[in-house]
Structure formats: structure tokens, C-alpha cells
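One-letter residues, chain by chain:
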Amino acid sequence: MENKDEKEKENQNNQEKKLEDIIYNEIFVEKWLDYVSKYGLAYLLNNGYYGVCFNDKTKIILNPETNDFIYIEKIDGDKIINKYNMEDYPKRIHKKMILFNLFKSIFERNEKPNNLFQSAANKLKKEKEENKNNKENKFIYVKKYYISRHAYIFHLSDNNFHVCFKDKSEIFLSRKNLSFAYGNKKGEYRTFPLKDALAINIHEVQKRIKYTEEYLIIISNLIAKSLVMGSVGLWVTGMEIM
């Protein structure tokens, strides 16, 4: 009995460390603005980077510390990445930069994050300066996003997924930890091993992880209809599904 209790305590400690690691070291979406019906989706990451996914499939990602930004576009099917500065960029993207600055100013006026994970980081106040610097050095952006009836699904360029449900709960799938963090609308957080995702006997968690699984399958089928494995399995093994 004692060994069992010790093992459970050890598992709990491991999951707490993974939760802390996700909250303090992973890059996730802190805020977003949905202007998809006209322009696209703007977002602010928890490392301070601003980004916009425009409806024409181009992307802008800004490092506010240096005022340098990356402009991503596709030309003849090839992805082209160029680096510019806010004071020096081509005239052809001037209209997009006006929109970008408008979105950025909206974020700056509204300090409240859209999601719970950033709220947790702000409340706990445990993040060290070196962790912040590490985040700033990570060039990660929203590769693709999906908007469903119940959630915003962000596919990050490091192949992690951040799912923000419209009831304020959320799930973050961390490839590095092979686990996922779940935050409920009350602001309570837990992590679980990804391999046990579909066997978790907690209704609210199981319901949302199944929803996430279903959408990952839909996403993977949109990209490669020949895939027959479950998308969580593909994601765990490191196979790109987008």
C-alpha cells in the first residue's frame, strides 16, 4: 500500500513539473482577434511576439524587442520567408502593415489574456527572467488555425497544438513532454500523459480530448487523405500532419 501511495505521489509530482514546464517554457497563444470574415486572424504569443495569418495565406510575425518581422508567403507553390524591419519593408505589403499595426494596438490596449494558461502564469509569478529570454529567442508562430463551432484550434510551427474552447476551457498538446495540459473554466489545471488521453476517466477532460482528437483527424485527412493512423498517434511519433 505504501509503495502504491509513493508511486501515485511520484506520478503527481511528475505531472506538476510537466504542467509548470508547459506554462513557463512552451509557446502558446495568449490573445487573438478574429477578423477572418474580412482580413484574417491576429494573435499575441506568450513570448511577446505578434502575428497575423491573413486570408490570402500570407503571415507576419513581429519581434517587438527588435522591431524585426518575418513575412511568409507562397510563390508558385514555394514558401518564401523574408525578414524586414518595421521601418523598412516593401511597398507591396504596406496595406498589410497598416492592418498589422491596428491589430497590435488593440492588443496593447487590452491587457487581459484570452486564455487560462497565461492567467496562471501571471498569478503564480514563478517565471524566471532566463525563461523569458529563452521564450523570446524561440521563433515560433501560428502555422495554421481552425475555427470550429466550439473552439479555436491553433497549430504552432513547433507542431504543438493549442485548443481554446469557447467555454474558456483549453487543452495544450506538448510534443516535448508527450503530455497535454488541461485548464477548465474555473482556472484549475492538470496534465496527463498523451498515451493515456482517451482512457482518462474524467468526463470534462475526456469530452474535450475526444473533440480535439476528432478535429486532428479531420485536419490530417484534409492534408493527406491516405493517412490511416489516428492523428494523435501521428503527432506523438513526430509526423507532420500539416
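Everything below is about the structure printed above this text.
Description of the overall build of the protein chain
Of the regular secondary structure elements, the protein chain holds six helices and 12 strands. Taking all 242 residues of the protein chain together, the buried fraction comes to 47%. If you take every contact in the protein chain between residues at least 6 apart in sequence, the share linking residues at least 24 apart comes to 45%. If you sum the accessible surface of the protein chain, you get close to 13,700 Å²; carbon and sulfur atoms cover 49% of it.

Section: unusual backbone geometry
In this structure, Asn 159 takes a positive phi of about 70° despite not being glycine. For Asn 159, the position within the fold is in the loop between β8 (151-156) and β9 (161-165). On the basis of relative accessibility, which here comes to 1%, the residue Asn 159 falls in the buried class. The phi angle at Lys 168 is positive, at roughly 85°, despite the residue not being glycine. Topologically, Lys 168 is positioned in the loop between β9 and β10 (170-174). A relative accessible area of 52% means that Lys 168 is categorised as exposed.

Some remarks on the packing of aromatic side chains
For the structure on display, the rule yields 11 aromatic pairs. Judged by centre distance (6.2 Å) and plane angle (40°), the ring pair of Tyr 50 and Phe 107 falls under tilted. Of this pair, Tyr 50 sits in strand β3 (residues 50-54) while Phe 107 sits in helix α2 (residues 94-109), and the two are 57 residues apart along the sequence. In this structure Tyr 50 comes out as buried when scored by relative accessible area, which is 10%. By relative accessible area, Phe 107 is classed as buried at 5%. A ring pair is formed by Phe 139 and Tyr 141, whose centres lie 5.7 Å apart and whose planes are at 50°; its orientation type is tilted. Classification of Phe 139 as partly exposed rests on a relative accessible area of 39%. For Tyr 141, a relative accessible area of 9% puts it in the buried group. Cluster of aromatic residues (ring-pair linked, three or more members): Trp 32, Tyr 152 and Phe 154. Looking at Lys 104, its charged tip hangs above the ring of Tyr 50, at a distance of 5.2 Å from the centre.

Things to note about the pairing of strand β1 (residues 29-35)
Counting buried residues along β1, five of its seven residues qualify, which places the element largely inside the surrounding structure. Following β1, the chain reverses through four residues before pairing antiparallel with strand β2 (residues 40-45).

Side note on the sheet that holds strand β12 (residues 189-193)
Pairing is antiparallel in the open sheet, where six strands are placed in the order β7-β8-β9-β10-β11-β12. Pairing within the sheet leaves two strands with one partner each, and these edge strands are β7 (142-147) and β12. With direction set aside, neighbouring strand axes in the sheet form an average angle of 15°. When β8 meets β9, the two strands line up antiparallel, connected through five bridges. The residue of β9 that forms the bridge with Phe 154 is His 162.

Rules of the game
Residues numbered from 1 in each chain as written. Predicted model: local features only at pLDDT ≥ 70, side-chain atom pairs only at ≥ 80, totals over all residues. Heavy atoms only, no water. Helix = DSSP H or I, 4+ residues; strand = E, 2+ residues; numbered from the N terminus. Buried < 20%, exposed > 50% of the residue type's maximum accessible area, 1.4 Å probe, protein only. Contact = heavy atoms within 4.5 Å. Areas by Shrake-Rupley, 256 points an atom, 1.4 Å probe, with all protein chains shown as cover. Phe/Tyr/Trp six-rings, centres within 6.5 Å; stacked < 30°, edge-to-face > 60°. Lys NZ or Arg CZ within 6 Å of the ring centre and 35° of its normal. Pairing = 2+ DSSP bridges. Axes fitted to C-alpha atoms, helices over the stretch in contact; angles between N-to-C directions.

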